[in-house]
Amino acid sequence: MLPACGDRLLEQGWRMATTQPDAWAKPPADLVGTDLVEAPVPGTVAGALERAGRFDRTSPQPLNGLDAWYFLDLDGDAPGPARLRFDGLATVAEVFWNGEPVLASRSMFVAQELPVELSGRDRLAICFRALAPHLERRGPRARWRPQMITPPGLRLVRTTVLGYMPGWCPEVHAAGPYRPVKLVRDDPAMPRDIRIRGWLDADGTGRLDVRFAAPGLSGAVSLNCAGHQVELRAQDGVYAGQLALPGVAAWWPHTHGEPALHDVEIVTDGVRHRIGRTGFRRIEIDRGDDGRDFAVRVNGQKLFCRGAAWTSADIVDLAGDRARYEPFLRLAAEAGMNMLRVPGVATYETPAFFELCDELGIMVWQDFMFANFHYPESDGEFMDLARQEAEQFLASTAASPSVAVLCGGSEMAQQAAMLGLPRQAWSGPLTDKLLPSVAARLRPDVPYVPNSPSGGDMPFSPNAGVTHYYGVGAYCRPLEDARRANVRFAAECLAFANVPEQRTLDGSLPVPAVHDPRWKARVPRDRGASWDFEDIREHYLAALYGVEPSRLRREDPGRYLDLSRAVTGEVMEATFAEWRRPGSSCNGALVWTLQDLLPGAGWGVIDATGAPKPAFFALKRAFRPVQLTLTDEGTNGLDVHVLNETDREQALILELACLRDGKQPVIRGSRSLKQIPRQGVTVPATDLFGAFFDTAYAFRFGPPSHNVTVARLRNGEDETILAEAFHFPLGRAAAFGEAVLSAELREDRDGWWLAVSADRLAQCVHIDVPGFRPSDNWFHLAPGEGRKIRLTGLQEQTAVPSGDVRALNAASSAHF
């Protein structure tokens, strides 16, 4: 790819010192005797201290009460003019060039540039002033004060609230050059300030808009993309043009098609130069006939959005490079997630994040970084910083088709409404005027939402617009509430203290579960609440398995942890089965959250070491594009739902069987289906059986004849199993008959796989195989035909896999 200009990343050679606030007004001329540590850039103060053994993320010391000084000597550069670019300085920063102040920055979200004259022997110094004094300042009176984020002065400073949410995340304070620092020496013939934006018309024509500066170019310059070409116009060294691409391959979320991307090239003097890449799609919000709905349409197709809320690739480093993003994003795609939300309590991610989402076919719901507070909208300087950060973010991601929704922020309107303020106080110029105007100007192809949640009679009402739904979850409602609430779109939902695998606990948190203070410190909670999210998990543990959690964890802690690992996944699968069925009011739901920030029972479905938790595999099953689910419709019996979200017709075989004692079929039925693309169908169980049968055990004519119903969806051509679903008419515990497992390791040209089977229904079968990740885990296994589980090496593996297979209702494990 043609570089934008002569950029050089200033990554190596930095040193850092911390001092008391305002100890140095200017950098000292002589650093001899100064306590310095090596400091990677991009990076943070916490990251540099951690590498030096002076900071512990599991027990962080406050950093916002110190000044941090970064120093870099630039020796040997050719003398002459250049520019320094700072892509992100957290937060109140002063830049010195050869000892003299040259720049002051007041926002970690606004990039800065400054011209410098290189002498061949120069020193760059950056001071990150202690943030605590700035947080103590008073500003315009706020209409409300949130409980979740502290101190209140954060609303006056443009910095992340990560580290300032007790009970939500470790108190690691962001400080330092967390985004790249570059030395730029302009070549007039090299494009700079490149802006690329692509979109799709309703008739399938792609539109490409390109603009860049290159005053040194001469002669004809043309724009090329996907086999189409147009000559660019030049005025005062700025080139611009628009290209039409009839019938271009469109970009789709990976669950619904191919995320097609196209190189963008300029041609000058007969030579092609790649200047970027984009995709073409059309995104709209469908509000329904009554204006209360909320559904995302991509290229005219209404689709079900599912995924999770992103937190951070690393809470200490605030990492922004492809290598740190990629493991998490690839797991999200593997799980069938087609949308991630970057919430207003996090930070803006770098273009590398969006480039990966472009490639993987993952849409991004992007909040601007405003959350919960009433911000000082009457402060002109604050609003100008807000405008700059929005403009810069949208310009940096303009080529990314994955940006699907722009949102003014998180829970600001909700906070005001819950405190009893009138509707006119729920929003203001920031989210109603400034941000939407910037979005309309720079990304008119992306819908804008004023706030999340919003759209109902109350901002958080689940039956209209966008909600943060915690009926099933924090409010301990029964599973049936997922239908009763009439959810339209949940930008947050299903937050639980998800227990990681035992291997993670043994390696990173080897303490007794629940009551050890070190364990409890990793369990999320709302500040000031009398409960935490472990209590929520235990509520559903008692409801679904009929156990007394407090007694179980005392008498059988291993069993307690295994049931705890299973229950959150069971709740998630059941809830998404309800939301994804044909006829559901729900158009999308994003789990809170994708990944943990520290090892432990956090919200994430991926733990802080990068390993999937049991809940991850439950979502992977719940999110399959070709899917099968069961719902209990009471005296109407069981409904079987078959979904095909792909762009191809599917030849399928649907099978249904009710088993006595988890083993003996008492009734069976099957049907061949031709499922058209991007459609779903509902089949009553009685249609498959051809006669009445009390599948839900709703009529209760005598003792129950079965304790589990198993549905299978097969490929109609080779009869491989595509999806399975299970229903427990008497509850899960009533189907705990003792199962005998078997496991056989096999190898083919694609690698190792495991053949797993059971003599009766085995619940939550889990595979422990060091060095490998199974393709499915914590799954139910019907008797008879087994499952083929692929084993993927976590690193370059030469060893033969070896491990154990267990189940909640198996007395012993199967070794392989």
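Note that the structure is predicted; figures quoted are calculated from it, not measured.

What counts, and at which threshold
- Residues numbered from 1 in each chain as written.
- Predicted model: local features only at pLDDT ≥ 70, side-chain atom pairs only at ≥ 80, totals over all residues.
- Heavy atoms only, no water.
- Helix = DSSP H or I, 4+ residues; strand = E, 2+ residues; numbered from the N terminus.
- Rg over C-alpha atoms; globule rule 2.2 N^0.38 Å.
- Buried < 20%, exposed > 50% of the residue type's maximum accessible area, 1.4 Å probe, protein only.
- Contact = heavy atoms within 4.5 Å.
- Pairing = 2+ DSSP bridges.
- 1 Å grid on protein atoms, 1.4 Å probe; cavity = no way out; pocket = protein on both sides within 12 Å on 5 of 7 lines; lining within 4 Å.
- Points joined across faces, edges and corners; volume = space filled by probe spheres on them.
- Nonpolar A, V, L, I, M, F, W, Y, C, P; charged D, E, K, R; others polar.
- Phe/Tyr/Trp six-rings, centres within 6.5 Å; stacked < 30°, edge-to-face > 60°.
- Salt bridge = Lys/Arg side-chain N within 4 Å of Asp/Glu carboxyl O.
- Axes fitted to C-alpha atoms, helices over the stretch in contact; angles between N-to-C directions.
- Parallel < 35°, antiparallel > 145°, perpendicular 65-115°, else oblique.
- Left-handed = near helix turned anticlockwise from the far one by under 90°.
- Patch = residues over 30% accessible without salt bridge, like charges linked within 9 Å, V, L, I, M, F, W, Y side chains within 5 Å.
- Areas by Shrake-Rupley, 256 points an atom, 1.4 Å probe, with all protein chains shown as cover.
- Expected span 1.5 Å × (residues − 1).
- Bend = angle between axes of the 7 residues up to and from the residue.
- pLDDT = per-residue confidence, 0-100.
- Polar contact = N/O pair within 3.5 Å; in protein donor to acceptor, adjacent residues only side chain to side chain.

Novice: In this structure, what is going on with the overall build of the protein? I would like to understand it.
Specialist: A count of helices and strands for the protein gives 15 helices and 44 strands. The C-alpha atoms of the protein give a radius of gyration of 28 Å, which matches the 28 Å a tight globule of 816 residues would have. Once the C-alpha set of the protein is aligned to its principal axes, its extents read approximately 90 × 65 × 60 Å. Sorting the 816 residues of the protein into buried and exposed places 59% on the buried side. Relative to all contacts within the protein whose residues are 6 or more apart in sequence, the contacts with residues 24 or more apart total 69%.

Novice: Any chance you could explain the sheet that holds strand 43 (residues 804–806) here in plain terms?
Specialist: As a general point, the strands of a sheet are linked pairwise by backbone hydrogen bonds and lie either parallel or antiparallel. Spatially, 41-39-43-44 is the arrangement adopted by the four strands of the open sheet, whose pairing is antiparallel. This sheet does not close on itself; its edge strands, each paired only once, are strand 41 (779–781) and strand 44 (814–815).

Novice: What's the story with empty space enclosed by the protein in this structure? I'm lost.
Specialist: In this approach, a probe sized like a water molecule rolls over the atoms, and the result shows the empty space that is left. Summed over the entire model, instances satisfying the criterion amount to four cavities of 30 Å³ or more. Around the largest cavity sit 18 residues that line it, and L63, N64, L66, R129 and A175 are the ones nearest its centre. Of the residues that constitute the lining of the largest cavity, the class distribution is 12 nonpolar, four polar and two charged. By volume, the second largest cavity is sized at about 90 Å³. In this structure, the second largest cavity is lined by 15 residues; those nearest its centre are E377, M412, W426, S427 and G428. Sorting the residues of the lining of the second largest cavity by element identifies helix 6 (412–418) and helix 7 (429–442) as the ones contributing at least two each.

Novice: Quick question: what am I supposed to make of the packing of aromatic side chains here?
Specialist: Counted by the stated rule, this structure contains 36 aromatic pairs. Centre to centre, the rings of W24 and W69 are 5.6 Å apart; their planes meet at 55°, and the pair counts as tilted. Taken together, the residues W24 in the loop between strand 2 (15–19) and strand 3 (37–38) and W69 in strand 4 (residues 67–75) connect sequence positions 45 residues apart. When its relative accessible area of 21% is taken as the criterion, W24 is described as partly exposed.

Novice: So what exactly am I meant to see when it comes to the pattern of salt bridges here?
Specialist: Opposite charge on two side chains allows them to pair when their charged atoms are near. Applying the stated criterion across every chain yields a total of 73 salt bridges. Across the pair D286 and R297 runs a salt bridge, and its minimum N-O distance is 3.0 Å. Here the residue D286 occupies a position in strand 19 (residues 283–286), and R297 occupies one in strand 20 (residues 295–298), the gap between them amounting to 11 residues. Assessed through its relative accessible area of 25%, R297 is described here as partly exposed. Through salt bridges with shared partners, a single ionic network connects E573, R621, E655, R712, R714, E724, D776, E785 and R787.

Novice: When you look at the pairing of strand 4 in this model, what are you seeing that I'm missing?
Specialist: Every other side chain in a regular strand lies on the same face of the sheet, so the side chains alternate between the two faces. Of all nine residues making up strand 4, seven are buried, and the element is well covered by its neighbours. Pairing of strand 2 with strand 4 involves five bridges; the strand directions are antiparallel. Paired with T18 across the bridge in strand 4 is A68. Summarising the sheet, strand 4 and strand 9 (residues 121–128) pair through eight bridges and their orientation is antiparallel. Within strand 9, the position partnered with D75 by the bridge is R121.

Novice: How do you make sense of the sheet that holds strand 7 (residues 100–105) when you look at a structure like this?
Specialist: Read across the open sheet, the six strands follow the order 3-2-4-9-6-7; overall the sheet is antiparallel. Strands with a single pairing partner mark the edges of an open sheet, and in this sheet they are strand 3 and strand 7. Strand direction decides the pairing type here: strand 6 (residues 93–97) and strand 7, joined by five bridges, are antiparallel. Paired with V95 across the two strands is L103, which belongs to strand 7.

Novice: Help me understand the packing of helix 11 (residues 533–545) against helix 13 (residues 557–580), please; the structure alone is not making it clear to me.
Specialist: Working note: a packed helix pair is described by the angle between its axes plus the distance between those axes. Axis separation between helix 11 and helix 13 bottoms out at 9 Å; the angle between their running directions is 85°. Considered as vectors, helix 11 and helix 13 are oriented roughly perpendicular to each other. Only Y560, L563, S564, A566, V567, T568, E570 and V571 of helix 13 make contact with helix 11, whose side of the interface consists of E534, R537, E538, Y540, L541, L544 and Y545.

Novice: Before we go on, may I ask you to explain the pairing of strand 35 (residues 708–715) in this structure?
Specialist: Of all eight residues making up strand 35, seven are buried, and the element is well covered by its neighbours. Looking at chain direction, strand 32 (residues 650–660) and strand 35 are connected through eight bridges and run antiparallel. Looking at the pairing, L659 lines up with V708 of strand 35. Of the strand pairs in this sheet, strand 35 and strand 36 (residues 721–727) are connected by six bridges, and their pairing is antiparallel. By the bridge assignment, R712 is partnered in strand 36 with E724. Taken together, strand 35 and the strand that follows it, strand 36, pair antiparallel across an intervening segment of five residues, in which E719 is found at a positive phi of about 65°.

Novice: Teacher, can you tell me more about the packing of helix 5 (residues 380–396) against helix 7 here?
Specialist: The geometry of helix 5 relative to helix 7 is characterised by a closest axis approach of 10 Å and an angle of 30° between their N-to-C directions. Our classification of the angle between helix 5 and helix 7 gives roughly parallel. The crossing of helix 5 and helix 7 is right-handed. Listed contacts from helix 7 to M383, A386, R387, A390, E391 and L394 of helix 5 are P429, L430, L434, L435, V438, A439, R441 and L442. Classifying every residue of the contact of helix 5 with helix 7 by side-chain character gives 11 nonpolar, no polar and three charged.

Novice: Looking at this structure, how should I read helix 4 (residues 351–360)?
Specialist: Since there are 3.6 residues in each turn of an α-helix, residues three or four apart along the chain are aligned in direction. With respect to burial, helix 4 is a largely interior element, seven of its 10 residues being buried. Residues A352, F353, F354, L356, C357, D358 and L360 constitute the buried set of helix 4. In this fold, the buried residues of helix 4 make contact with helix 3 (322–334), strand 23 (339–342), strand 24 (363–367), helix 5 and strand 25 (403–407). Of the residues trailing helix 4, G361 is marked for its positive phi of about 75°.

Novice: Which parts of the structure should I look at to understand a nonpolar patch on the surface?
Specialist: Together, F692, F699 and F701 give the surface a local cluster of nonpolar side chains, amounting to about 370 Å² of exposed area. Here F699 is to be found in the loop between helix 15 (685–689) and strand 35. Taking relative accessible area as the criterion, F699 reaches 32% and is therefore assigned partly exposed.

Novice: How should I be thinking about the environment of E117 in this particular structure?
Specialist: Mapped onto the elements of the fold, E117 is located in strand 8 (residues 112–118). Separated by 37 residues in the primary sequence, E117 and G80 have C-alpha atoms spaced 5.5 Å apart.

Novice: Whenever I open this one, helix 7 confuses me. Can you help?
Specialist: Under the 1.5 Å per step criterion, the end-to-end length of helix 7 is 18 Å for 14 residues, consistent within 8% with the ideal 20 Å. Residue L435 marks the point of greatest curvature in helix 7, where the axis turns by about 30°; the proline P436 follows within four residues. Every buried residue of helix 7 is accounted for by L430, T431, L434, L435, V438 and A439. Turning to helix 7, the residues buried within the fold contact helix 5, strand 25, helix 6 and strand 26 (448–449).

Novice: What exactly am I supposed to notice about the confidence of the model for the protein here?
Specialist: The predicted coordinates should not be examined in detail at positions where pLDDT is low. Summary statistics for the protein give a mean pLDDT of 96 and a share of 99% for residues scoring 70 or more. Mean pLDDT values over the elements of the protein span from 86, in strand 1 (residues 6–9), up to 99, in strand 24.

Novice: Would you mind going over the environment of F328 with me for this structure?
Specialist: Looking at the element boundaries, F328 is found in helix 3. On the basis of relative accessible area, F328 is assigned to the buried category, the value being 8%. For the pair F328 and S312, spaced 16 residues apart in sequence, the C-alpha to C-alpha distance is 9.8 Å. Residues in contact with F328, not counting those within four places in the same chain, are W310, A313, L594, Q595, I606, D607 and G610.

Novice: Any chance you could explain the side chain of T311 here in plain terms?
Specialist: Inspection of the secondary structure assignment puts T311 in the loop between strand 22 (305–309) and helix 3. Residue classification places T311 among the buried residues on the basis of a relative accessible area of 13%. A distance of 3.0 Å separates the side chain of T311 from the side chain of Q595, its partner in a polar contact. Among residues more than four places away in sequence, those in contact with T311 are A346, E349, T593, Q595 and L597.

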